Amino acid sequence: MNTYSLKIYTSIASLPNSWDDIAIDNAFLQKAYLEVLESSAPTNMQCFYIGIFEETQLIGVALAQYLNLNKLESFGERDKCLKTFIRNFIFKNFASHVLFLGNNMITGQNGYTFKKKNKL
């Protein structure tokens, strides 16, 4: 029976050497893109890189992003009405910590990928 595990990394420098071998078909999960994302991320966003292992072999990679909306200066101050006040109150007090599996800045299936099994 195979044993599966995962490891969460907080920096590109600590990713396994075989990371790009798994992410070869998705540029948004390769180290080069993740380095740009890490260096240009807004102050309220932190990236986590997830390695999925079968025994000791890396078989999958994923990206998670944590957003702390409390660090935003404004949630949109386009008008001074009750609706704006309520929206800001809710965001600051109830929806201030959000975790995405994937990249919240792009659409599509760019959150994870797995090694393709060889067909016999």
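As a reminder, the structure under discussion sits directly above these lines.
Conventions adopted
- Residues numbered from 1 in each chain as written.
- Predicted model: local features only at pLDDT ≥ 70, side-chain atom pairs only at ≥ 80, totals over all residues.
- Heavy atoms only, no water.
- Phe/Tyr/Trp six-rings, centres within 6.5 Å; stacked < 30°, edge-to-face > 60°.
- Buried < 20%, exposed > 50% of the residue type's maximum accessible area, 1.4 Å probe, protein only.
- Patch = residues over 30% accessible without salt bridge, like charges linked within 9 Å, V, L, I, M, F, W, Y side chains within 5 Å.
- Areas by Shrake-Rupley, 256 points an atom, 1.4 Å probe, with all protein chains shown as cover.
- Salt bridge = Lys/Arg side-chain N within 4 Å of Asp/Glu carboxyl O.
- Helix = DSSP H or I, 4+ residues; strand = E, 2+ residues; numbered from the N terminus.
- Pairing = 2+ DSSP bridges.
- Arc of directions from axis to C-beta.
- Contact = heavy atoms within 4.5 Å.

A. View of the packing of aromatic side chains. All chains considered together, the criterion is met by 2 aromatic pairs. Measuring from ring centre to ring centre gives 5.1 Å for Phe28 and Tyr33, while their planes differ by 90°; the resulting arrangement is edge-to-face. Owing to a relative accessible area of 34%, Phe28 belongs among the partly exposed residues under this scheme. Seen from their ring centres, Tyr112 and Phe114 are 6.1 Å apart, and the 65° between their planes marks the pair as edge-to-face.

B. Examining a nonpolar patch on the surface more closely. There is a patch of nonpolar side chains on the surface, built from Leu82, Phe85, Ile86, Phe89, Ile90, Phe91 and Phe94 and spanning about 750 Å² of accessible area. The residue Phe85 is located in helix H3 (residues 82-93) in this model. On the basis of relative accessible area, Phe85 is assigned to the exposed category, the value being 56%.

C. Expanded view of the pairing of strand S3 (residues 57-68). Of all 12 residues in S3, 10 are buried; the element is thus mostly enclosed. Alignment of strand S2 (residues 45-54) against S3, held across 10 bridges, turns out to be antiparallel. Counterpart to Gly51 in the pairing with S3 is Val61. Following S2, the chain reverses through 2 residues before pairing antiparallel with S3; Glu55 in that reversal takes a positive phi of roughly 60°. Where S3 meets strand S5 (residues 112-114), 3 bridges bridge the pair, whose relative direction is antiparallel. For Gly60, the partnering residue across the bridge sits in S5 and is Phe114. Bridging between S3 and strand S4 (residues 97-101) involves 5 bridges; their strand directions are antiparallel. Across the sheet, Ala64 pairs through a bridge with Leu101, a residue of S4.

D. Broad picture of helix H2 (residues 31-40). Within H2, burial applies to Lys31, Leu34 and Leu37. Projection of H2 onto a plane perpendicular to its axis shows the buried side chains occupying an angular sector of 120°, all on one side. Along H2, the residues that are exposed and aim more than 90 degrees away from the buried face are Ala32, Ser39 and Ser40. Elements in contact with the buried residues of H2: helix H1 (19-22), S2 and S3.

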